[in-house]
Amino acid sequence: GGTPLSGMRLNITGGKATGLLVDSERPDPGGIYYLATSSAVADGYGEYDFSVAERHEFPIQIRNLLMTYLKNRDQFTPVEDLRIRRLDAPVQSER
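Here is what the cut-offs are and how they apply
Residues numbered from 1 in each chain as written. Predicted model: local features only at pLDDT ≥ 70, side-chain atom pairs only at ≥ 80, totals over all residues. Heavy atoms only, no water. Pairing = 2+ DSSP bridges. Helix = DSSP H or I, 4+ residues; strand = E, 2+ residues; numbered from the N terminus. Axes fitted to C-alpha atoms, helices over the stretch in contact; angles between N-to-C directions. Contact = heavy atoms within 4.5 Å. Buried < 20%, exposed > 50% of the residue type's maximum accessible area, 1.4 Å probe, protein only.

1. Let's talk about the sheet that holds strand β3 (residues 84-86)
Read across the sheet, 3 strands follow the order β2-β1-β3 without closing on themselves; strand pairing throughout is mixed. Strand pairing shows two members of the sheet lacking a second neighbour, β2 (16-22) and β3, which therefore form its edges. Adjacent strand axes in the sheet meet at a mean angle of 15°, parallel and antiparallel pairs treated alike.

Here you go:
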């Protein structure tokens, strides 16, 4: 499980995000940032609220894009890089 995330890092303490970095830099409070997500999440499935965001539809679904990418690779190795760190959660042992 987990939240699919790329280009960001953040810590979560007490249910609040801290230490947010976008492309390894602090975000500009006046900046405009774009987020790609599945239509299910954008429609409200899960714990995220995108009701205030302007929405743009694209002709290809992220699911189909990922399936094509994975079909064209011999193998891939997942990396746990701590993009999201829950600082107040119990530490899980290695598998």
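2. Examining the environment of Arg-83
Among the structural elements, Arg-83 can be located in the loop between α2 (62-71) and β3. Sequence-wise, Arg-83 and Leu-5 are 78 residues apart; in three dimensions their C-alpha atoms are separated by 7.4 Å. Sequence-distant contacts of Arg-83, that is, excluding residues within four places in its chain, are made with Leu-5, Ser-6, Met-8, Arg-9 and Leu-10.

3. Remarks on unusual backbone geometry
Positive phi values are uncommon outside glycine, yet Asp-23 reaches one of about 50°. Note that Asp-23 resides in the loop between β2 and α1 (39-42). Not every positive phi belongs to a glycine, and Ser-24 is a case in point at roughly 65°. By the element assignment, Ser-24 lies in the loop between β2 and α1. Classification of Ser-24 as exposed rests on a relative accessible area of 68%.

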